[in-house]
Each structure stands twice: as structure tokens, then as C-alpha cells.
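Commentary on secondary and tertiary structure
Okay, here's what each chain looks like letter by letter:
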Amino acid sequence: MQIHYEEILKNLSTCIFEIDKEGTYTYCSDTLSKLSGYSNSEIVGKSIFDFMNKEEAKRIKNIFDLHLLNKEPIVDYESVYIHKGDYEITVLTNAIPILDTNGDVISFQGVAKDISEKKKLLKETNILEERLELALRGSNDGVWDWNIVDNSVYFSPRWKEMIGYSDEELPNEVPTWTERIHPDDVEATWASINEHVNSITEYYEGVHRLKHKDGHWVWILDRGKALYDTDGNAIRMIGTHTDISEEKAIQLKAKHQKQIIEQIHDSVISTDLKGVITSWNNASEILLGYSSDEIINKHISSIISDEDLESFNIAIDTLLKYGKNYVTVHLVTKSKEKLLIELSLSLLKDEHSVPIGIIGYSRDITEKKRTEDALAQQSRMAQMGEMISMIAHQWRQPLNSISLTASNLKLKFDFNEFDSNSQEDFTKCSQTVSEGLENIQEYIQTLSTTIDDFRNFYSPNKVSTSIKLEEIVAKSLKIISISLIEDNIELIQEYDSEEKIELHENEMMQVILTIFKNAQDQFLEKEIEKPSIKVLTNKKMISICDNAGGVRKDIISKIFDPYFSTKSEKNGTGLGLYMSKIIIEEHHKATLSVKNIDGGACFTIEFI
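What comes next concerns the included structure.

Some details on the pattern of salt bridges
Enumeration over the complete set of coordinates arrives at 19 salt bridges. Here R236 ties to D145 by a salt bridge, and the two come within 2.5 Å at their closest N and O atoms. Here D145 lies in strand β6 (residues 142-147) and R236 lies in strand β10 (residues 234-243), a separation of 91 residues in the sequence. Owing to a relative accessible area of 35%, R236 belongs among the partly exposed residues under this scheme. Taking the relative accessible area as the measure of exposure, D145 reaches 19% and is therefore buried. Across the salt bridge formed by K517 and D521, the nearest N and O atoms sit 3.1 Å from each other. With a gap of 4 residues between them, K517 and D521 both fall in helix α16 (residues 505-526), about one helical turn apart. Exposure remark for D521: the relative accessible area of 6% places this residue in the buried category.

Below, the structure is given as C-alpha cells:
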């Protein structure tokens, strides 16, 4: 029987030992010898503290003395021993006190187990867990751990923080999650979880909303992986929560923008930097007749009329230089109809603000142009009457001078002022006739110049010219100046601009003359005693201001409306300022505004 017990002790992985109340080994099994590297004879008779470093020996001695004093068993105490091979081993000890007949402790008998490998694994696990925790903190993700067997769950502090709670505010219970998931997301989320739990998918991934403490919804990207037992049953599932609300907001914004682009009435076309069409909205299909399948990947030049290709390419060069531009071109529909289109061009950029394409917002202005041309013609005809009046003013003085010169010559001859037989009189007569003819020729030249000025004003010239603002004002004043002088209107000119602006000269002259003529009419209607007009230029701005009392507050917002006029007694058309607004803002991409200042109205034209 004794031999049988010894064999059992030899084969136990646990060490059996006995120590006296001084801590000296009185017995040890062979397994303790294997554990420590010392033979039994080297262990028995030595103190347990002899196999520890000084600090550990001191710590264990205090614990041992306390249990000795209290006659208490030693339960699951870890201590570090020095192996004979000069390395540390961790031992887990359990021992009970042995008492004599007087109840005093005479020894401790117990068992010891080497847990060095376990401690090493635990340490490595702790390191991995710390690394995981740091990684999760760095990624700003929350962690959840679901024990499927007993339905217990753990939610990390960051998991709770995502929805506005501190760690202490929410219990680690399944309802913490189920009670906060959006009702519309419940079915799909559980379906994805069950697919993974049943090994249909390799891992779980889903997107759902959780209710924040303040009531709004937080979009969550939920990922997880299940652990299975030997029978293939899921027993545990661990995962992470990532707040993707910002990404969802961006996606939603992009979706809304796409819907807006698809639903707006204006055609929106985008190309790459080489001009190859990359997108084509519904309005483009309706406008030009091509479906997106038919037109995407074709070059934009395929829908631009040949006569406008050069101006379009120039507009693209300007766009690439300045970032935006406008151009009016004819686009060719699928049915070969030409439409006049106003294109607003801008650059499409990537996340680093590097241009990657071009966006064109197209507006069909074909009918608008026809209407505008009709109104312009109507306005032009109305203005022509005013221009004829100006021509009459311009011609009156030269014609009077010609008449007076001719009459003077006729009288001289009628009254025989010159003696044809006298050489002196003959010379004097020749000189008088020559001077008179020179004056008449000069007056005729003035008439001819006036005709050229008005003819140039009415010529249909649509080519833009680079010109200083002072020069365009001077050309306008050349036509109306005589009329202003005859009405005793003081003209004040203050020029402070050296900039050259791309203009359609005749159109700009039409605008300036309209503003001058309106002021002139107001002077006459209101009987202004000392009428004056001040013309100012500054950089890219022209201001024309009068002292005619200004525009009434109740109508100042309407004066650019078509057919609106304050000249009822003079039968004004109400088209002059309306056409001026179109010329400035649509043809030149500038602004025309009016305000009352210093007892009069001040019109300002400002170029970009």
C-alpha cells in the first residue's frame, strides 16, 4: 500500500510539502524537486525563504507569520522562487496549519503548483489587451462582448460615450442596446447577426442607428466575430462600434445634391479636363435629346456648333486660369436644332482642391433672346426718336452757320460790294468767297461727323472692345453734349480709372445715354433751376449722379422692370432702364444699381 501511494505522489503534477513553524521543509515530494531543480536532500532542512530573493522572502515571511499567529490556512498564495538554474518560477501555494494537543501550530502541510507558464500567458494576454485598448482608443471605437450562452454583455466606456452616457449611467445588459436601436433598423440588424451566429457569414457587419442621450440618432458601423464550441455552436461574440454619423451626413448631402441636380430645370453637364463628358442630368436629356448612355464618354465639342467652338475654347482657357467663367454658345440637339445656351462654368476639384473636371450649368435662352431682341428693337426705335432730336440739336448750329455764311455772300454780291474792274476788289472778293467756302466746308464736316457718330451708335456691332471707362463716357457725351448745353445742364466729370474693360461699345453707350436722357427729362419735368450731372469713374466702376430729387421710395425697386415708366405725360416706353439692366448684368456680367444720394439719383455700373 505504501509503495502504491508513493507512485501516486510521483505522478502528481502538484507538489506535496510540509514545513515547520519556522518555514523549514520537513518533507517534499519528488515533484517539488522537479519544479525547483534541487534534489529532495537539497530541499529538506532548508527554509522556504532560502529559495527566494530578499524582497520576496521578506514579503512571504510577513504573510507566513500572520497565518501562523492566526492559525489560518494559506489559500492561493503566489510566491516567486529562484530555480536552481537561476531563473524565477511562480508557485501557487495552498496549506493548512497542523496543531498539537494544546492547539498550537507545529507545521503546515500543503500543495504547490508551478504557474509560471500561466502567469507568462496571462502577462502576454494583458499586454495584448492593453495594446487592443490603446488601438481602440486611437481608432475611437467602442467595444462590446456578448456571452451568447448566458446572454450577458459588456459595453466599453467609449461604446456608451458615443451615445452620450458615462460608463456608470448605463448597465452592461442587452436591453441597453436593444432599447436604443432605431425601430427601422431592428429587423435587418438581427438578421445580419443571426446569419453570422449560424455560420452563414464569415463575420458580422451592419449599420444601424442608436438613440443618443439628447434624443438625436447616431449612425453606427457595427462589426463582430463569433467564437464557436467544438460542436459549432456560437458561444460568444465580440465586436466594435464606430460612429459614422459624419460620413452618413456627407453621404446624405451628396445624395441630396445628386437629387437636386437631377431634378432642377437647368441642364448640368460635367466633363473631365480634356472635355470628355462624365455626367449628364435629366434636364440635359430633355433639353438636348440625348440620353446619358448616348452622350457620356463623348467629347463636349460634339454638341457645340462649329461657329462657337473657338469662343468656347477661349472660355475654357479663362476658366482654367481664374476658376470660373461664363459663355454663350449654340448647342446642337439630337434633332440638329441649334439652341442658344448660357453656360456657367466652374472647376470640379478633388479633396485636395486640385482641378479634375469642369461643370457647366446650361440655361436655354433661345426664347429669352428672341423676346429680348424684340424688346431691344422696340427700345431702340423709341430711343431713335430721342436721337433724332439730338441730331437736330447737333445740326442746328452748323446749319445756321452755313445759312448765315451763304446769305452774307449773296448780299455782298447783290449789293455790288466788289468792283470787278478793280484788282484790289477782285482780290478782296476772292478772299471773302474762299473764307466763306472754307467755313461752309468746316460746318459740313461737323454735320458729317455727327452722322458718323449716330451711324456708329446704331451699327449692329457685337464684337467686344478693350476700352477705358473714360473713353466710353466721352463717346456717349459726344452725342448728347449739345443737348445738355442747350438745357443749361452743368456737367461735372471726375475720372480716376486707368483700367481697360472688355465692352460692347454701342451697348454701353446706349446704357449711358439712357441714364443721361432720364436725368435730362427729370430736370425738365421737375423744373430744376440749376441742373447738374456728375460722372465719376473709379477702377472698374462708373457712377452717373444727378440733382433731380431722386426716385420715390415706393417705386425705386421697380424702375428696372419692363414697361415701368414715370413718364406718363411723355408716353415713355418703360424699356430703357430694363434693357440697360439686361445689357449690364447679362451681356457684361456686371451690376447696375440705383440709390438716392445728395438730393438726386445715382446710377452705378460696376464690373467684376
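Points about unusual backbone geometry
Even without glycine at this site, D76 takes up a positive phi of about 50 degrees. Here D76 shows up in strand β3 (residues 74-82). When its relative accessible area of 49% is taken as the criterion, D76 is described as partly exposed. Phi is positive for D598, which is not a glycine, with a value near 50 degrees. Classification of D598 by relative accessible area gives exposed; the value is 74%.

Section: the sheet that holds strand β21 (residues 591-597)
Reading across from one edge, β17-β19-β20-β22-β21 is the order of the 5 strands in this open sheet, with mixed pairing throughout. The two strands at the open ends of the sheet, each matched to only one other strand, are β17 (490-496) and β21. Averaged over all pairs of adjacent strands, the angle between their axes in this sheet comes to 15 degrees, without regard to strand direction. When strand β19 (residues 532-538) meets strand β20 (residues 541-546), the two strands line up antiparallel, connected through 6 bridges. The partner of I533 across the bridge, within β20, is D546. Those strands touched by helix α15 (residues 469-486) are β17, β19 and β20, and its axis lies near 175 degrees from that of β17. Packed onto the sheet, helix α17 (residues 576-587) meets β21 and β22 (600-606) and runs at close to 130 degrees relative to β21.

What counts, and where the lines are drawn
- Residues numbered from 1 in each chain as written.
- Predicted model: local features only at pLDDT ≥ 70, side-chain atom pairs only at ≥ 80, totals over all residues.
- Heavy atoms only, no water.
- Salt bridge = Lys/Arg side-chain N within 4 Å of Asp/Glu carboxyl O.
- Helix = DSSP H or I, 4+ residues; strand = E, 2+ residues; numbered from the N terminus.
- Buried < 20%, exposed > 50% of the residue type's maximum accessible area, 1.4 Å probe, protein only.
- Pairing = 2+ DSSP bridges.
- Axes fitted to C-alpha atoms, helices over the stretch in contact; angles between N-to-C directions.
- Contact = heavy atoms within 4.5 Å.

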